[in-house]
Amino acid sequence: MKKPLFTGVCTALVTPFLGGNVNYPMMDLLLRRQIQAGIEAVVLCGTTGESPTLSDLEKLELFRRGKRYVGDSCKIIAGTGSNDTSHAIALSKAAEEAGADALLVVSPYYNKATPDGLLTHYAAIAGAVHIPVIVYNVPSRTGVDISVSVYQNLARIPNIAGVKEASGDITKIAKIRALCPEEFAVWSGNDDLAAAVMALGGSGVISVLSNVLPEQTLSMARAALDGDFDTAADLQIRLLPLIEALFSEVNPIPVKAAMKLIGYDCGECRLPLTPISQENLKKLKNILLPN
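One structure accompanies this document, and this report is about it. Bear in mind that the values here come from a model prediction, so they are computed numbers and not experimental data.

**Considering the pairing of strand 10 (residues 204-207)**
1) Next: Here strand 10 shows a buried face lined by Gly-204 and Ile-206 and a second buried face lined by Val-205 and Ser-207.
2) Next: As defined by bridge partners, strand 9 (residues 185-188) adjoins strand 10 across two bridges and the pair is classed as parallel. Following the sheet pairing, Ser-188 is matched in strand 10 by Val-205.
3) Next: Between strand 9 and its parallel partner strand 10, the chain crosses via helix 8 (residues 194-199), and the hand of that crossover is right-handed.

Written out as structure tokens, the structure reads:
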């Protein structure tokens, strides 16, 4: 059986801005912090990285610079999804040329493809590149929940590595593990379910939380993957107040505020996302900077 693309924690990294532009020196600091914590993969230009408001040129520059900075010490997973299959193919090919180790491809949003459309969409993207592709299912944002039967078909495509499952449906995780090949990896897309997903055979978590607490998130994941579910559950429960605060508003509004509180000013989100409310900022301060 082939090994998963990564196990444990992959951080869905924020994109830092300064004066309206990407802050590349801060991005280097963020990447260094993740590597020092032992994180073996990061997603650039995913949901947490504000992909909808990044231009293709900005994305490709982030992929190039990110891979140049981390070298072989960390995998760069490029967010290249689109609801236009041709656009997703072009961006995916360009990301591969820019040095990305793998792709994270969100399902088509707004135009709401059928199961056949989803299968054809992903098959076309995977067939256009030589690097692994991770399917990203997040129905709360896309309006479509990819079915287990679609995963069963996608698992037959050699370079589709698995799925970031962010439906929040723990029963669905069990069905994927039961009905899909073992080498079709499942990664939790929900920080609050990470330990539970790994207890059901998941390979790890693609995490927002690990922007803020990479070491602690990794400790939870390693405990779960080692079968030490008492420790994993204890850490999951202890981290839950911060996880809830990080999703008190639309991601990545709270996580960017949290990063600033701990000394990494990544700027504000681009519109239409607005700064965090004072009420939710106070919740973050009480957790991250207790008296």
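From this point, the discussion proceeds with the structure in view.
**Focus: the packing of helix 10 (residues 214-225) against helix 11 (residues 229-246)**
1) Next: With their axes 7 Å apart at the nearest point, helix 10 and helix 11 run at an angle of 150° to one another. With respect to each other, helix 10 and helix 11 are oriented roughly antiparallel. In the crossing of helix 10 with helix 11, the sense of the turn from one axis to the other is left-handed. Taken together, the residues of helix 11 that come into contact with helix 10 (itself represented by Gln-216, Ser-219, Met-220, Ala-223 and Ala-224) are Phe-229, Thr-231, Ala-232, Leu-235, Gln-236 and Leu-239.

**What about the pattern of salt bridges?**
Where charged atoms of side chains with opposite charge meet at close range, the side chains can pair.
1) Next: According to the stated counting rule, one finds eight salt bridges in the structure shown.
2) Next: The partner of Lys-256 in a salt bridge is Glu-50, with the nearest N and O atoms 2.7 Å apart. Of this pair, Lys-256 sits in helix 12 (residues 253-261) while Glu-50 sits in the loop between strand 4 (41-44) and helix 2 (56-70), and the two are 206 residues apart along the sequence. The residues Lys-256 and Glu-50 share a single accessibility class, namely buried.
3) Next: Put simply, Lys-172 and Asp-145 hold a salt bridge, and the shortest N to O gap is 2.7 Å. With Lys-172 in helix 7 (residues 170-179) and Asp-145 in the loop between helix 5 (139-142) and helix 6 (148-154), this residue pair connects regions lying 27 residues apart in the sequence.
4) Next: When its relative accessible area of 7% is taken as the criterion, Lys-172 is described as buried.

**Description of empty space enclosed by the protein**
1) Next: Counting across every chain of the model gives one cavity of 30 Å³ or more.
2) Next: Size it by volume and the largest cavity reaches roughly 40 Å³.
3) Next: In terms of lining residues, the largest cavity is bounded by Glu-165, Ser-167, Gly-168, Asp-169, Ile-173, Ser-188, Asn-190, Leu-193 and Val-197.
4) Next: Residues that form the lining of the largest cavity fall into these classes: three nonpolar, four polar and two charged.

Here is what the cut-offs are and how they apply
- Residues numbered from 1 in each chain as written.
- Predicted model: local features only at pLDDT ≥ 70, side-chain atom pairs only at ≥ 80, totals over all residues.
- Heavy atoms only, no water.
- Buried < 20%, exposed > 50% of the residue type's maximum accessible area, 1.4 Å probe, protein only.
- Helix = DSSP H or I, 4+ residues; strand = E, 2+ residues; numbered from the N terminus.
- Pairing = 2+ DSSP bridges.
- Right-handed = clockwise from strand over helix to strand, strands pointing away.
- Axes fitted to C-alpha atoms, helices over the stretch in contact; angles between N-to-C directions.
- Parallel < 35°, antiparallel > 145°, perpendicular 65-115°, else oblique.
- Left-handed = near helix turned anticlockwise from the far one by under 90°.
- Contact = heavy atoms within 4.5 Å.
- Salt bridge = Lys/Arg side-chain N within 4 Å of Asp/Glu carboxyl O.
- 1 Å grid on protein atoms, 1.4 Å probe; cavity = no way out; pocket = protein on both sides within 12 Å on 5 of 7 lines; lining within 4 Å.
- Points joined across faces, edges and corners; volume = space filled by probe spheres on them.
- Nonpolar A, V, L, I, M, F, W, Y, C, P; charged D, E, K, R; others polar.

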